[in-house]
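The chain contents come next:
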Amino acid sequence: MSSSYPLPKARRDGLVIRGLADEVLVYDLTRHKAHSLNRMAAAVWRCCDGQTTVAAMASKLQQDLATPVDREMVWSALAQLGRARLLTGEIRSEGNEAGLSRRELMRLLGAAAVTVPLVTTIAAPARAQAVSCLAQFDPCDPNTGPPCCPGLTCTLDQQSGLILCSPSG
Amino acid sequence: MAFISYGVRVGVRVNDPAALPRVLERLPPGWKPARSPVVSRLYSLIVGGARTRPGVRRFNLLYMNAVRLARTPELDPVLETFESDLQLYVAAEAPRRLFVHAGVVGWRGRAIVFPGHTFTGKTTLVAALVKAGATYYSDEYAVLDTRGRVHPYARPLSVRERGAFEKAKRYPVETLGGRAGIRPLPVGLVLVSRYRAGARWRPRHLSPGAGALALLAHAVSARRQPAFALTSLQQVVSRTPVMKGVRGEAQEVVEAIARTMDGRKGEWKGERLA
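Quick caveat, the model's predicted, so the values are computed rather than measured. (Residues numbered from 1 in each chain as written. Chains lettered and ligands numbered in written order. Predicted model: local features only at pLDDT ≥ 70, side-chain atom pairs only at ≥ 80, totals over all residues.)

### Considering the overall build of chain B
Check the secondary structure of chain B and you find six helices and 16 strands. For 274 residues, the compact-globule estimate of 2.2 N^0.38 gives 19 Å, and the C-alpha radius of gyration of chain B, at 20 Å, lies within 12% of that figure. For chain B, buried positions account for 43% of its 274 residues. Pairs at least 24 residues apart make up 69% of the contacts formed inside chain B by residues separated by at least 6 positions. (Helix = DSSP H or I, 4+ residues; strand = E, 2+ residues; numbered from the N terminus. Rg over C-alpha atoms; globule rule 2.2 N^0.38 Å. Buried ≥ 20, exposed ≤ 12 C-beta atoms within 10 Å, placed from the backbone. Contact = placed C-beta atoms within 7 Å.)

### Section: the overall build of chain A
Secondary structure assignment for chain A yields four helices and eight strands. From first element to last, N terminus to C terminus, chain A shows the α and β order β-β-β-β-α-α-α-β-α-β-β-β. Across the 169 residues of chain A, 41% fall into the buried class.

### Describing the nonpolar core
Core analysis: the biggest nonpolar cluster contains 107 residues, and Val-44 of chain A together with Leu-216 of chain B have the highest contact counts within it. Sort the elements by how many residues they give to this core and helix α2 (residues 75-93) of chain B lands first, with nine residues. Not counting the four nearest positions on each side in its chain, Val-44 of chain A is found in contact with Met-57, Leu-61, Val-74, Ala-77, Leu-78, Leu-81 and Pro-117 of chain A. (Core = buried A, V, L, I, M, F, W, Y, C linked by C-beta atoms within 7 Å.)

### Quick notes on α2 of chain B
The end-to-end C-alpha distance of α2 of chain B is 27 Å, a good match for the 27 Å that 19 residues give at a rise of 1.5 Å each. For α2 of chain B, a buried count of 16 out of 19 residues is recorded, marking the element as mostly surrounded by other parts of the structure. (Expected span 1.5 Å × (residues − 1).)

### Side note on the sheet that holds strand β4 (residues 33-37) of chain A
One open sheet accounts for four strands, arranged β2-β3-β4-β6 (chain A); its pairing is antiparallel. Single-partner strands in this sheet number two, and they are β2 (15-19) and β6 (119-123) of chain A. Pairwise comparison of adjacent strand axes, ignoring direction, gives a mean angle of 15° for this sheet. Strand direction decides the pairing type here: strand β3 (residues 24-28) of chain A and β4 of chain A, joined by five bridges, are antiparallel. Of the residues in β4 of chain A, the one forming a bridge with Tyr-27 of chain A is Ala-34 of chain A. The strands touched by helix α5 (residues 226-239) of chain B are β2 and β3 of chain A; relative to β2 of chain A, the strand with the most contacts, the crossing angle is about 10°. (Pairing = 2+ DSSP bridges. Axes fitted to C-alpha atoms, helices over the stretch in contact; angles between N-to-C directions.)

### Considering the sheet that holds strand β4 (residues 41-46) of chain B
Residues and elements named next belong to chain B. With respect to topology, six strands assemble into an open sheet ordered β3-β1-β2-β4-β5-β6, the strand pairing being mixed. Since the sheet does not close on itself, it has two edges, and those belong to β3 (32-33) and β6 (67-72), each with one partner. When strand β5 (residues 60-64) meets β6, the two strands line up antiparallel, connected through five bridges. Among the inter-strand pairings, Leu-61 is bridged to a residue of β6, identified as Arg-71. Across the sheet, α2 touches β1 (2-5), β2 (8-14), β4, β5 and β6, and the angle it forms with β6 is around 150°.

### A word on the domain arrangement of chain B
Residues and elements named next belong to chain B. The domain boundaries assigned to chain B delineate domain 1 (2-93) and domain 2 (98-268). Between the C-alpha centres of domain 1 and domain 2 there is a distance of 29 Å. Taken together, the five residues of domain 1 in the interface contact nine residues of domain 2. (Domains from an automatic or database assignment.)

### A closer look at unusual backbone geometry
Glycine aside, negative phi is the norm for most residues, and most peptide bonds take the trans geometry. All names here are of chain A. Here Ala-66, not a glycine, exhibits a phi torsion of approximately 55°, which is positive. Following the sequence through the fold, Ala-66 ends up in the loop between α2 (54-65) and α3 (71-83). The exposed category is assigned to Ala-66, around which 8 C-beta atoms lie within 10 Å. Look at Arg-85: it is not a glycine, yet its phi comes out positive at around 60°. For Arg-85, a count of 16 C-beta atoms within 10 Å corresponds to the partly exposed category.

### Topic: the environment of Val-8 of chain B
Residues and elements named next belong to chain B. Inspection of the secondary structure assignment puts Val-8 in strand β2. Each C-alpha atom, one on Val-8 and one on Pro-95, is 7.5 Å from the other, the two residues being 87 residues apart in sequence. Ignoring sequence-local partners within four residues, the contact set of Val-8 consists of Ser-40, Val-90, Glu-93 and Ala-94.

### A closer look at the environment of Thr-67 of chain A
All names here are of chain A. Along the chain, Thr-67 turns up in the loop between α2 and α3. With 15 C-beta atoms counted inside 10 Å, the residue Thr-67 sits in the partly exposed group. Separated by 48 residues in sequence, Thr-67 and Thr-115 have C-alpha atoms that sit 8.1 Å apart.

### Brief notes about α3 of chain A
All names here are of chain A. Relative to the 18 Å expected for 13 residues at 1.5 Å per residue, α3 spans 18 Å between its end C-alpha atoms, a close match to the ideal helical length. A large share of α3 lies buried, amounting to 10 of its 13 residues. Within α3, the full set of buried residues consists of Glu-72, Met-73, Val-74, Trp-75, Ser-76, Ala-77, Leu-78, Ala-79, Gln-80 and Leu-81. Once α3 ends, the next one or two residues include Arg-85, with phi positive near 60°.

Written as structure tokens, this is what we have:
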């Protein structure tokens, strides 16, 4: 099938993928980011085989999900999947559909939130970010991140020039 | 001495045997002496002792392998650093377990998990639930396995009575009139909440995917073993509601949790408990 834009293809390398009832969890091993794809985003991602056009995807999804699926919805999903680096190559639409926000899409299509594609992303915490408090001489940030353990203060260490958890007083 | 904690082998040596009981108090809950002296990390505590002559300070030192972790005139901060570093090491390296920073209690055969950082009120909520009859599992980590069950990590509760910057005091759960759980439990409810004075508890349901991300954000070994983490969390969120909201006083939430858990009891009939 010919197309004026590169056909979207899902990335599979360097990912850990787990299915939930309607959603898909994806962990990107290279960027250490975790994504949750809702039902529509997951369905679009599954269709990204590098051979299917956006129009064909919309038509297939409409049948599979038994719900009206517009090309704008597919473009919105592709834009979010592209931003999450879950597609190979760059995604460019001919119009401005890919630039629509989720709220604009809901207003445009009169769609319910559950049928609008959504990709939620978090950065996986580094080990120190998941702790209660930081030990002595651990690097710290006085404004963000976990606090120093009791008896320690996040201050500039004169010897090393680093901001570290040091004994109070 | 060498010990095993959640499958992680650690060694500790001290220059003064009199300090050993205080070191043992700081080991993770459920530790067992190891027969083999082979360990993956060795802590060395050098107790400074009393001054021998004026003008000479004898510091207490803590080393992790060859790296100095602490050097202070008092012993307590050194022991706190030891406990904190050891706890994190075990949480990060434990094989076949996912440590999620969270409070956990058992309620009629199911676990209630509250993921969150320090100062989000986890211990307050855990203590209030224990006083209301819940079984204590942890105020620090939810220890999950691949079946999505929570294992106990029942260290004494770490309570700050007068605000965030006060040094926490440790209370064994028995002093609250509660008891600690000993067997793994399937998760019955996940609550993502933080404390705000005067707030009303009006939680909303998160989708399983959003719930998994909320738990993953507090998982210690998320980067080291992501496949294992996702498998464990998949098991939890597939069967368990995840609710999110800002909470006020603990008592209001305790009553709401009790209603939610009692309301779900019917759904669990016929399911095999661990």
